[in-house]
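Letter by letter, the chains look like this.
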Amino acid sequence: MDGVDVLVIGAGLVGCAAACRLAQAGARVEILEAARPNAGASGANAGSLHFQLERRFLENGEALADQAASILGLNLLAIEEWRGLADELGPDIRVHMRGGLMVAETADEVAILERKVAREVQGGLASRMIDGDAARALAPGLSETVVAASHLEAEGHADPKALTLAFAAAAAARGVRLRQRCRVVAARPVRSGYRLTVETPDGPEDLTAPKILIAAGAWSARIGELFNLHLPLYPVALLMSATERTAPLLDPLIQHVGQRLSMKQAQAGNVLIGGGWPSRMRLDAAGRFDLDRPAEMLASSLRGNLAVAARVFPRVAELNLIRSWTGITAITADQLPLVGAIPQAPGVYVAAGGSAFTLGPTFARLLARRILDEPEERLEIFSPARFGHLNSFMGAADA
Amino acid sequence: MNDDARPDYDLAVVGAGPAGQAACLALPDGPRIVVIDEQLRPGGQILRQPPRAFSVRGWLEGAEYRRLKARLAAFESLESVEWLGGCSVLGAREAGEGWRLALSDGGGVREVTARRILIATGCYDMAVPLPGWTLPGAMSAGGVQAFVKSQMLAPGHRIAFAGSHPLQLLAADQLRKAGGTVAAVAFSQPFRRFVLKALGRPWTALTNLPRLMSVLLMGWRLRAAGVPIHFGRAPTAVEGRDRVQGLRLEDGAVVACDAAAFCFGFLPQSDLPRAMGLAVRPARPGGWKACHDAWMRASRPGAYVAGETTGVKGADAAAAEGALAGLAVAVDMGVLPLREAVRRAAPVRRARARALRFAALLEAVADPGPLPDRDLPADTIVCRCEDVTMGDLRAALAIGADAGGVKLATRCGMGVCQGRNCEHGLLALLGGVSTEPHGFTPRFPARPIRIGDLLAED
Ligand SMILES: Cc1cc2nc3c(=O)[nH]c(=O)nc-3n(C[C@H](O)[C@H](O)[C@H](O)COP(=O)(O)OP(=O)(O)OC[C@H]3O[C@@H](n4cnc5c(N)ncnc54)[C@H](O)[C@@H]3O)c2cc1C
Ligand SMILES: Cc1cc2nc3c(=O)[nH]c(=O)nc-3n(C[C@H](O)[C@H](O)[C@H](O)COP(=O)(O)OP(=O)(O)OC[C@H]3O[C@@H](n4cnc5c(N)ncnc54)[C@H](O)[C@@H]3O)c2cc1C
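If you're wondering where the values come from, they're calculated on a predicted model, not measured in any experiment.

S.K.: Which parts of the structure should I look at to understand the site of ligand 1?
M.R.: Residue and element names in this part refer to chain A. Around ligand 1 sit 37 residues, and of these Glu 33, Ala 41, Ser 42, Ser 48 and Thr 358 come closest. Between a nitrogen atom of ligand 1 and a main-chain N or O atom of Val 184, the distance comes to 2.9 Å. Between ligand 1 and the protein, one listed contact pairs an oxygen atom with a backbone N or O atom of Ser 355 at 3.2 Å. Taking 1,000 Å² as the accessible area of ligand 1 by itself, protein coverage stands at 95%. Those elements that place two or more of their residues in the shell around ligand 1 are helix 1 (13–24), strand 9 (183–190), strand 13 (233–245), strand 17 (320–332) and helix 10 (356–371). In the shell around ligand 1, the residues fall into 20 nonpolar, 14 polar and 3 charged. Here the shell around ligand 1 spans two domains, and each of domain 1 (6–42 + 161–232 + 334–391) and domain 2 (97–153 + 236–330) adds at least three residues to it.

Below, the structure is given as structure tokens:
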């Protein structure tokens, strides 16, 4: 296995996109994937491009909202990134950036929305407040209960399943080898970098490279353990639902500032409804969260989610629900993504957490520069160094 | 009602075919039972009843139906049973001391709880992709049959039957009696396969002689009425522009017809067992059959399975399994001593074993071989809900994906039918590629449901 510069762990969107960018810069890369591309959150997500500050950043008080606003710089980069992706990767990824509305139904919600837009504008985002009628003009059929909305023209959606595969194909075209059914089970520092042990259908194997990228989504904390590191990433299980296909009905992405809701009509015609309603993770034999089995759907979440959707956009009540599913993604202790080098383990990098469908391609581009030792300041606020105290007693000694 | 309250029923039976009916009949009086079926009236596939509103003369004549009708009459007179017809079960999950079922009766969704649940949901026609199989007028033989059975009408004028399952003779015979014209019946396998398989199981063949004779008789009746019956000629395409105009057979000949009916066999209904987390294993000629112990207990506490949901085996075996499940529920509830259940089960087990031998013979005779054909033209649709073609699948298979990966890459199985009509075909295609073909992850709801109805639930 000589001659690999970077071993990427995980073939979700983040791993495939990072491998692609690294290879484009000339690095020799191999991706190790326990199952197959899209096996994790990248194959289960809603495909929303949220560039406005998300509701989850606003629901825990002003101080946290201020801190979270530091993500706006990344969102601005992500808008540019997405504008280029359709040209770069082709029409299959179905980029639809025709606007997004975050709606409010009460005076309190309007107030939160106004503060949010003020923050965004200060951070350079072109969002604006509009009234209920203006929102209904952009999204005919939106309920009369909507009194205001923040609008951002660049928002929208794309096809998550296709995006991962498109990056994987682009990476393959640059010589990246993607090994499926190849699970990393051990890691050890060696003089030339790190030696990973993988389990494959043909038995175990050792692979060595100077640099390692952990892009294992919700599994990343477990991978961190293999390196004797704490990665403060927590798995969360979310719910999604899809209606039958229907004629064009809804053009923009719809979110709600006071309720968990994201709703859009995908290009195939199905209306996708999500927004962060919880599911219940199963436990494995050892009593830990089982990340390899689908989480259990909660009836209360399904009802709650569909009820908000039908209230905000009554015509969805007429559509047939054909499928609900759950997916597991990762959040960090401060909700910001965790992207960058890990100081206590030189040569080990991580990219996980956050809304990484929206932001994954941008993480990938910036982190590839960082991994290849090019100057890259824009990732500093997401650096694992901010949790350095957790790893004061950890790390990879004894090379 | 919260999860800790007393369940509404002691037993919920899903499916009122021979298996579900027999389970209720085997239970002693006392337990509160609810029987839920999508059909308005009990009977299951084999006894699909005409709507009460108009009664039809000559509905399902014939000796083989007499016993089934007697069982149905006994079931309908049971007073301990609450009947919920026209009601689909969308899903069931473990809740407190039992199971919580989500039901849709077309007007709304509600939940009922039961201490125990019996899944007796039968089987359905296996769809086999061919060029043109999605044209209006192309259907399953079971579809024709259901139509004939429920209204005694013949769709189209001339119907051509093709496939590998002998049931198509029955369907053709019924259609002809109902006034339809049978253009031809084409079997994919040569006639000698029937003879060889029967000779290979002489005892089973002999003990089922009346049955075999009745099939021969049907064939003879059709021939006498001028219907050509072909052997060794598989269908290769449905011809026609906007609707069916002909059925092309292996040797290139085209049978002129207005409708084409296919019969390659049946798949166990596995959506509920899989969504409930019950163990299943691969079935022949496709699909998944629910696993069970000798008393039809499934792999989760309080769950039982019986009939064709555990493998396609005919009405007699289905009824026997239903009776065993009913006895097991009685024992597990403590209303029947085990010794008594064992005694009552003995003749049932013998009947089941007999029926299973015949089912094995039928399965061997009817085996359609590996389907779909790997060499189908690239533009042949495999997933009709999402218009996924053979070419799309080949491209995805070339990457070496599993069923879930192909689904994500192509949308195969993402449509309204939830993969009921394409999963088996995809797994067959994957058979040569992947060493451990897993199916699609089961999803709620088992049937599409209007969101407004879901929210109207009380
Ligand atoms: C229901 C849901 C809806 C969402 N909606 C949105 C949205 O609308 N917009 C948005 O921006 N984000 C959304 N997200 C978040 C987004 O999906 C994720 O942030 C993103 O997909 C993460 O990609 P990833 O590549 O980091 O992780 P994943 O896609 O989870 O990939 C991790 C990969 O690592 C592999 N792996 C794990 N362990 C090992 C091992 N030991 N060895 C080798 N490989 C291993 C896994 O098999 C997996 O393929 C949503 C998430 C969910 C669950
Ligand atoms: C289309 C078709 C035609 C057939 N014709 C014949 C024939 O002519 N002669 C013959 O010998 N055999 C025939 N068979 C085989 C025969 O149906 C079986 O041998 C026998 O009826 C199996 O009994 P069962 O109780 O297991 O299931 P079934 O009799 O199939 O009963 C299952 C019942 O469950 C109900 N159900 C399924 N899913 C749900 C749900 N989610 N919610 C609520 N209700 C549900 C169905 O409506 C059905 O009434 C046919 C099978 C099919 C599929």
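S.K.: Help me understand the pairing of strand 4 (residues 100–104) of chain A, please; the structure alone is not making it clear to me.
M.R.: Look at any regular strand and the pattern is simple: side chains alternate between the two faces of the sheet. All names here are of chain A. Burial analysis of strand 4 places 5 of its 5 residues in the buried class, the great majority of the element. Neither face of strand 4 is left uncovered, since the one carrying Gly 100, Met 102 and Ala 104 and the one carrying Leu 101 and Val 103 both have all their residues buried. For strand 4 and strand 14 (residues 253–256), the ladder comprises 4 bridges, and the chain directions are parallel. Within strand 14, the residue paired with Val 103 across the bridge is His 256.

S.K.: Hey, could you run me through the site of ligand 2 in this one?
M.R.: Residues and elements named next belong to chain B. Near ligand 2 you find 35 residues, and of these Ala 19, Asp 37, Val 89, Gln 145 and Glu 308 are the closest. Ala 19 is positioned such that a nitrogen or oxygen atom in its backbone is 2.9 Å from an oxygen atom of ligand 2. Within the contact set of ligand 2, an oxygen atom lies 3.0 Å away from a backbone nitrogen or oxygen of Gln 45. If ligand 2 stood free it would expose 990 Å²; the protein chains cover 93% of that surface.

S.K.: It is not clear to me how the interface of chain A and chain B should be interpreted in this structure. Could you clarify?
M.R.: Where the parts come together, the accessible area they lose is often given as the size of the interface. Taken residue by residue, the interface counts 31 residues in chain A and 30 residues in chain B. Summed over both partners, the interface of chain A with chain B comes to about 2,600 Å²; 54% of that surface belongs to carbon and sulfur atoms. The largest share of the area that chain A buries against chain B comes from Arg 303, Ile 322 and Arg 323 of chain A, three residues that together contribute 23% of it. Linking chain A with chain B are 3 salt bridges. Asp 402 of chain B is the partner of Arg 36 of chain A in a salt bridge, and the nearest nitrogen-oxygen pair spans 2.6 Å. Here chain A and chain B share 11 residue pairs in polar contact (both at pLDDT 80 or more) between them. Among the secondary structure elements, those contributing two or more residues to the side of chain A that touches chain B are helix 7 (160–173), strand 13, strand 16 (270–274), helix 9 (299–312) and strand 17 of chain A. Within the side of chain A that touches chain B, the residues separate by chemical class into 16 nonpolar, 7 polar and 8 charged. Two elements, strand 17 of chain A and strand 22 (residues 449–450) of chain B, share 2 bridges in a ladder whose sense is antiparallel. Following the sheet pairing, Leu 321 of chain A is matched in strand 22 of chain B by Ile 449 of chain B.

S.K.: Would you mind showing me how to read the sheet that holds strand 11 (residues 229–230) of chain B here?
M.R.: Strand pairs in the sheet, formed through backbone hydrogen bonds, run parallel or antiparallel to each other. All names here are of chain B. With respect to topology, 5 strands assemble into an open sheet ordered 8-15-9-10-11, the strand pairing being parallel. With one partner strand each, in any of the chains shown, strand 8 (138–140) and strand 11 form the two edges of the open sheet. Bridge count for strand 9 (residues 158–163) against strand 15 (residues 259–263) is 5 bridges, and the pairing is parallel. Residue pairing for strand 15: Phe 161 is matched across the bridge by Ala 261.

S.K.: Help me understand the domain arrangement of chain A, please; the structure alone is not making it clear to me.
M.R.: Residues and elements named next belong to chain A. Taken domain by domain, chain A holds domain 1 (6–42 + 161–232 + 334–391) and domain 2 (97–153 + 236–330). Its C-alpha centre places domain 1 at a distance of 29 Å from the equivalent point of domain 2. Tallying the contact residues gives 9 residues for domain 1 and 7 residues for domain 2. Between domain 1 and domain 2, the buried area comes to about 770 Å², and carbon and sulfur atoms account for 46% of it. Ranking the residues of domain 1 by area buried against domain 2 places Ala 218, Trp 219 and Arg 222 at the top, with a combined share of 61%. Our enumeration of links across domain 1 and domain 2 arrives at 2 salt bridges. Residues Asp 292 and Arg 183 are paired through a salt bridge, measuring 3.8 Å at the closest nitrogen-oxygen approach.

S.K.: Where do I start with the pattern of salt bridges in this structure?
M.R.: Per the counting criterion, the structure on display carries 50 salt bridges over all chains. In this structure, Arg 221 of chain B and Asp 173 of chain B form a salt bridge, with 2.6 Å as the shortest nitrogen-oxygen distance. Linking Arg 221 of chain B in helix 7 (residues 209–224) with Asp 173 of chain B in helix 4 (residues 167–177), this pair joins segments that are 48 residues apart in sequence. With relative accessibility at 26%, the residue Arg 221 of chain B sits in the partly exposed group. Residue class for Asp 173 of chain B comes out buried when judged on its relative accessible area of 2%. Linked through salt bridges whose partners overlap, the residues forming this network are Arg 21, Glu 81, Glu 88 and Arg 365 of chain A.

Rules used throughout
Residues numbered from 1 in each chain as written. Chains lettered and ligands numbered in written order. Predicted model: local features only at pLDDT ≥ 70, side-chain atom pairs only at ≥ 80, totals over all residues. Heavy atoms only, no water. Near = heavy atom within 4 Å. Polar contact = N/O pair within 3.5 Å; in protein donor to acceptor, adjacent residues only side chain to side chain. Areas by Shrake-Rupley, 256 points an atom, 1.4 Å probe, with all protein chains shown as cover. Helix = DSSP H or I, 4+ residues; strand = E, 2+ residues; numbered from the N terminus. Nonpolar A, V, L, I, M, F, W, Y, C, P; charged D, E, K, R; others polar. Domains from an automatic or database assignment. Buried < 20%, exposed > 50% of the residue type's maximum accessible area, 1.4 Å probe, protein only. Pairing = 2+ DSSP bridges. Contact = heavy atoms within 4.5 Å. Buried area = accessible area lost by both parts, 1.4 Å probe. Salt bridge = Lys/Arg side-chain N within 4 Å of Asp/Glu carboxyl O.

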